[in-house]
Amino acid sequence: MRIVFFGSPDFAKNILEKLLLWDGGEVILVVTQPDKKAGRGQKITSTPVKRLALEHNIEVIEPRDLKNDEIKAKLKKAKADLFIVVAYGLIIPGDVLSIPTFGAVNVHASLLPKYRGAAPIQWAILNGEKVTGITIMQMDTGLDTGPILSQKALAIGINDTAKDLHDELAKLGGELLINTLEKIKQEKVIPIKQDDRCASYAPKLTKDMGFINWKDSAINIHNKIRALYPWPMAYFNFHGKKRWVKVQIYPGKIGNKLSQGTSPGEILGIRDGFLEFACLDRSYLVPKLKPESSKILSPEQFVCGYLRNK
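In short, a report on the structure. (Residues numbered from 1 in each chain as written. Predicted model: local features only at pLDDT ≥ 70, side-chain atom pairs only at ≥ 80, totals over all residues. Heavy atoms only, no water.)

## A look at the sheet that holds strand 16 (residues 289-291)
Sheet strands line up and pair through hydrogen bonds in the backbone, either parallel or antiparallel. The strand order across the open sheet built from three strands is 10-11-16, with neighbouring strands paired in antiparallel fashion. Looking at the sheet topology across the chains shown, the edges are occupied by strand 10 (234-239) and strand 16. With direction set aside, neighbouring strand axes in the sheet form an average angle of 30 degrees. Across three bridges, the pairing between strand 11 (residues 244-249) and strand 16 is antiparallel. (Pairing = 2+ DSSP bridges. Helix = DSSP H or I, 4+ residues; strand = E, 2+ residues; numbered from the N terminus. Axes fitted to C-alpha atoms, helices over the stretch in contact; angles between N-to-C directions.)

Quick look at the structure:
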């Protein structure tokens, strides 16, 4: 099976790693996002998928869009049996999806039709879901609307972060993809139409989503902190000795019920190595904090630097 792989971030790279070990096909071309400037030094950086492909001497193309006739001609010339798309990041036109013999399949990190869109892992945690999973889908021109080829569920633990789920789902996605490809080759896959009435959406994350309102419940705050780790990170605004400071907080755990007279947002002190904050109903225990323009601090360091002699 001749395969063209479309993908860009680490999630897609992990799937590609699994695909390269499969002896039932060959990745003949990789399509990824163009190199970009990143970090404080604005260093030109390639996508993780591109770096992996080059390590394996696979040809890579980096179009800014897929509407270009030259790019379409390149894809046709590859004579692919299948396109595999994983977190590619650009819209793929219908005439491109129809190029390969078996069309294009997508590996999506949710149990479709729930959480169509760019950030399914994070939104599942934000909404307090107990289960997520992987869907292998036949692509059409809609946003994650194509027929389902296979699915597998994964439980979400109460303390799982987006990073934890990302890594687990990438592993599960690679395994389910290979299993599905074997069935495609044997013509044993029966596509199942999605029920649009059950659809929900997972739009891109923004930095301002991370703001913590301590008047919310501890479970909602916990869900936000772990959903937005490691990006864009949850934060609160703290008035230091001279000015307001944006402080990012790392995933912790829900604490005890609050005594009467405790105000949401109040810092209750250090408990068992955690900094304890008051939420609406219970406390929240934070293991690490990062004030803007500062290094990551332990609770003791934060108290010494920002609370004492305020």
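## Some thoughts on the pattern of salt bridges
Where charged atoms from two side chains of opposite charge approach closely, those side chains can pair. Under the criterion given, the structure shown has 12 salt bridges. Of the charged contacts, one joins Lys114 and Glu129 as a salt bridge, the two residues approaching to 2.9 Å between their closest N and O atoms. In this pair, Lys114 is assigned in the loop between strand 7 (104-108) and helix 5 (120-126) and Glu129 in the loop between helix 5 and strand 8 (131-138), connecting sequence segments 15 residues apart. The partner of Glu175 in a salt bridge is Lys171, with the nearest N and O atoms 2.9 Å apart. Of this pair, Glu175 and Lys171 both sit in helix 6 (residues 162-185), four residues apart, which is roughly one turn of the helix. The structure contains a network of salt bridges with shared partners spanning Asp35, Lys50 and Glu62. (Salt bridge = Lys/Arg side-chain N within 4 Å of Asp/Glu carboxyl O.)

## Here's the deal with helix 6
An α-helical turn contains 3.6 residues, so any two residues separated by three or four positions project in the same direction. Taking 1.5 Å of rise per residue, 24 residues should cover 34 Å, and helix 6 covers 33 Å from first to last C-alpha, within 8% of that figure. Looking one or two residues beyond helix 6, the residue adopting positive phi is Glu187, at roughly 55 degrees. (Expected span 1.5 Å × (residues − 1).)

## Regarding the packing of helix 1 (residues 10-20) against helix 2 (residues 48-55)
At a closest axis distance of 8 Å, the pairing of helix 1 and helix 2 adopts a crossing angle of 25 degrees. On the basis of the axis angle, helix 1 is roughly parallel to helix 2. Facing helix 1, whose interface residues are Asp10, Ala12, Lys13, Leu16, Glu17 and Leu20, helix 2 presents Pro48, Val49 and Leu52. (Parallel < 35°, antiparallel > 145°, perpendicular 65-115°, else oblique. Contact = heavy atoms within 4.5 Å.)

## Considering the nonpolar core
Among the nonpolar cores identified, the biggest contains 49 residues, and Phe5, Leu19, Ile84 and Leu181 are the most heavily contacted of them. Top element by residues in this core is helix 6. It accounts for 10 residues. For Leu181, the residues in contact, after removing those within four places along its chain, are Met1, Leu19, Trp22, Leu82 and Ile84. In terms of nonpolar packing, the next biggest core, distinct from the first, is built from 22 residues, Ile61, Ile71, Leu112 and Met139 among them. (Core = buried A, V, L, I, M, F, W, Y, C linked by side-chain atoms within 4.5 Å. Buried < 20%, exposed > 50% of the residue type's maximum accessible area, 1.4 Å probe, protein only.)

## As for the packing of aromatic side chains
Counted by the stated rule, this structure contains 11 aromatic pairs. Between Trp214 and Phe277, the aromatic rings sit 4.7 Å apart at their centres with planes inclined by 0 degrees, giving stacked as the arrangement. Pair noted here: Trp214 is in the loop between helix 6 and helix 7 (218-227) and Phe277 is in strand 14 (residues 274-278), with a separation of 63 residues, a long-range link. Judged by relative accessible area, which is 0%, Phe277 ranks as buried. (Phe/Tyr/Trp six-rings, centres within 6.5 Å; stacked < 30°, edge-to-face > 60°.)

## What about the environment of Glu59?
When you line up the elements, Glu59 lands in the loop between helix 2 and strand 5 (60-61). For Glu59, a relative accessible area of 38% gives the class partly exposed. Remark: the alpha-carbon pair of Glu59 and Gly7, spanning 52 residues in sequence, is separated by 14 Å. Ignoring any residue separated from it by four or fewer positions in sequence, one finds Glu59 in contact with Ile28, Leu29, Val30 and Lys74. Here Lys74 takes part through its side chain, which lies 2.5 Å from a polar atom of the side chain of Glu59. (Polar contact = N/O pair within 3.5 Å; in protein donor to acceptor, adjacent residues only side chain to side chain.)

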